[in-house]
Amino acid sequence: MEITIHAVAPERRKDRPKDAELVFGKVFSDHMFLMDYETPQGWSNARIVPYGPLSLDPAAMVLHYGQGIFEGLKAYRGADGRIHLFRPLENMKRFNRSAQRMCMPEVDIHFHLQAIETLVRLDADWVPRSKGASLYIRPTMVASEPHLGVRPATEYLHYVITGPVGAYYPEGFNPVKIYVTDEYVRAVRGGVGEAKTMANYAASLQAQEVAKKKGYTQVLWLDAVERRYVEEVGTMNIFFRLKDELVTPPLSGSILPGVTRDSVIHLAQHWGLTVHERPITIDEVLDAIAMGTMKEIFGTGTAAVISPVGQVCYKDKTYRVGNGGVGEWSQRFYDELTGIQYGDKEDPFGWVHTI
Ligand code: COI
C-alpha cells in the first residue's frame, strides 16, 4: 500500500523544546500516520498528515467498550547523527498479539515498520540529540465503528504519533520507590494482562493514586488469585538480583511481555549470569531484603529503560533495597542497553534498526 504524505508547510512547523526541558509524553511532533480498516475490505488510505485531533463518532466502540491497543518504542539519535530504532519488529509483533486478544485486525509487521520509518524520517528533526532523550513512538489502534451493541467492531483506525521525551520518571535514573498493593489487582490469568490494551492502564489508576498519596512512584502488582506472587509494575517488568542470580516472574498470561525485559534476559545470559524466570512471592522478596541477599531490584520498560528500585512498601512497612542507591547490575544493564540503542556499543544481537 502507498503512503500518501500531506506535509506541514515549513513555516507552520512547531517549535521544538530543548532536550534538557523534555519530560515524558507532553509534546508531539509535526506529523502523524493514519490508516483505516473496514470489514471485509481490510486496511486502506494509509496517510501521513499534520498532527492534530482525530474525528471519531461519539458512538465509536472504543469510547464505550475500550477496544483499543497501543505500543511504545523509541528512536535514538546516534553520535554520527543517524537514527536507530530498537528491535522494532518485536513491538509490531506484540501489537498483533494484542490485536488478536482484543478481536481487532492485525497490521502487516513490515508495512507497520515502513509507516513508522516514513513518519520518523519526515520528523527527523524531532529526534533529540542528547543522551537520555529520544523520540517516543506510540502506535495505536481503536475501534472506530459507531455501534452500541457489544461485539468486535467492523471498522478501526490505526495511527502512530511521536514526540520527543526525556526520562519517564521524574527521578530519572535515580532509584524509585514502589508500593505493593494487596488491595487492588491489575490482571488475572485468562484476562487481558498480557495484551497492551488501554483497559490495563485504566485499571491501574486507583492503586496508583493510593501509592502516590503515600509518596511512592509506582505500584508493584501481585497475582490476582493468591495475592502473593509478584507480577509487574504496570509501566515496567520487574527484576530481582537475589545473591548473584537474576530472577524475574515468568510470563504467565497476566504480565506484559516487555521487549526490554527480553533484552535484559538475553544480555544477562550473554554475560554468563544465571537467570531464572520463576514465580517469586512478596514474602521471599522481603525476607531476602531483610537478610541482605536481595542485592538489587530494578524495573525494565521502553519508557522507563532500567529503573532501579530503592524502596519497597508492603502493608505499611518500608524496606530499603541494598543501600537504597543505584545497584551495580542496574547500572551495567542501563549502560549496555542505552549504549546499544544509541549506537555507542557493539550490537551483538542485531537489535538496532538504523533508518
Ligand atoms: C512503554 O514503556 O512504552 C509503555 O508503554 C509504558 C507506559 C508509558 C504506558
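Each residue is numbered by its place in its chain's sequence as written, counting from 1. In view of the model being predicted, local features appear only for residues whose pLDDT reaches at least 70, and side-chain atom pairs are presented and counted only at 80 or more, with totals across whole chains, interfaces and linings using the full set of residues.

(A) Molecular detail of the nonpolar core. Ranked by size, the top nonpolar core spans 84 residues in total, and within it Y156, I178 and L220 carry the most contacts. The helix count covers DSSP runs of H or I at least four residues long, the strand count covers runs of E at least two residues long, and both are numbered beginning at the N terminus. Sort the elements by how many residues they give to this core and strand β7 (residues 134–143) lands first, with six residues. An automatic or database domain assignment provides the domain bounds reported here. Split by domain, this core shows at least three residues from each of two domains, domain 1 (4–165) and domain 2 (176–342). Once C-beta atoms are placed from the backbone, any two residues with those atoms within 7 Å are in contact. L220 has contacts with I178, Y179, V180, V230, V233, I238 and V312, leaving out every residue within four places of it along the chain. For this entry, the nonpolar core is defined as buried Ala, Val, Leu, Ile, Met, Phe, Trp, Tyr and Cys residues connected by C-beta atoms within 7 Å. Think of it as a crowd count around each C-beta: if 20 or more other C-beta atoms lie within 10 Å the residue is buried, if 12 or fewer it is exposed, and in between it is partly exposed, with C-beta placed from the backbone throughout.

(B) Main features of helix α3 (residues 109–122). By this rule, a helix spans an expected 1.5 Å times one less than how many residues it contains. Here α3 spans 20 Å end to end across 14 residues, near enough to the 20 Å set by a 1.5 Å rise per residue. For α3, the set of buried residues is H112, L113, A115, I116, L119 and V120. Around the axis of α3, the buried residues are gathered within 155° of arc, so they sit on the same side. Opposite the buried face of α3, by more than 90 degrees, sit the exposed residues H110 and R121. Along the arc lie the directions from the helix axis toward the C-beta atoms.

(C) Structural context of the domain arrangement of the protein. Domain boundaries in the protein define domain 1 (4–165) and domain 2 (176–342). For domain 1 versus domain 2, the separation of C-alpha centres amounts to 27 Å. At the junction of the two partners, domain 1 supplies 22 residues and domain 2 supplies 13 residues. At the level of secondary structure, the elements contributing two or more residues to the side of domain 1 that touches domain 2 comprise β4 (68–70), β5 (73–77), β6 (83–86) and α2 (88–101). The element contributing the most residues to the side of domain 1 that touches domain 2 is α2, with six residues. Under this grouping Gly is polar, as are all residues other than the nonpolar Ala, Val, Leu, Ile, Met, Phe, Trp, Tyr, Cys and Pro and the charged Asp, Glu, Lys and Arg. Its residues assigned to classes, the side of domain 1 that touches domain 2 shows seven nonpolar, seven polar and eight charged.

(D) Representation of the UniProt feature "modified residue: N6-(pyridoxal phosphate)lysine" (unreviewed entry) in the protein within the structure. UniProt positions are given in the numbering used here, feature names are shortened, and annotations may be inferred rather than shown by experiment. This chain's UniProt record puts "modified residue: N6-(pyridoxal phosphate)lysine" (unreviewed entry) on K196. Tracing the chain through its elements places K196 in the loop between β9 (176–181) and α4 (198–213). C-beta crowding within 10 Å serves as the criterion here: with 25 such atoms nearby, K196 is assigned to the buried category.

(E) Quick peek at the pairing of β5. Counted residue by residue, β5 has five buried out of five residues, so it is predominantly covered. Pairing between two strands requires that DSSP report at least two bridges joining them. Taken together, the three bridges between β5 and β7 define a ladder with antiparallel strand orientation. Opposite L73, over in β7, you have I137 as the bridge partner. Where β5 folds back onto β6 in an antiparallel hairpin, the turn is made up of five residues, including G81, whose phi is positive at roughly 90°.

(F) Highlighting the environment of D123. Here D123 lies in the loop between α3 and β7. Excluding residues within four positions of it along the chain, D123 makes contact with S29, D30, H31 and T162.

(G) Expanded view of the environment of A124. Inspection of the secondary structure assignment puts A124 in the loop between α3 and β7. In the structure, A124 is positioned 49 residues away from A75 in sequence and 9.5 Å away in space, judged by C-alpha atoms.

(H) Structural context of unusual backbone geometry. That bond from T39 to P40 is cis: its omega, 0°, falls within 30 degrees of zero. Here P40 is to be found in the loop between β2 (31–38) and β3 (42–50). Even without being a glycine, C103 presents a positive backbone phi close to 60°. Positionally, C103 belongs in the loop between α2 and α3. C-beta crowding within 10 Å serves as the criterion here: with 11 such atoms nearby, C103 is assigned to the exposed category.

(I) Molecular detail of the environment of Q341. Along the chain, Q341 turns up in helix α7 (residues 328–341). Contact partners of Q341, with chain neighbours within four places excluded, come to Y76, H84 and F86.

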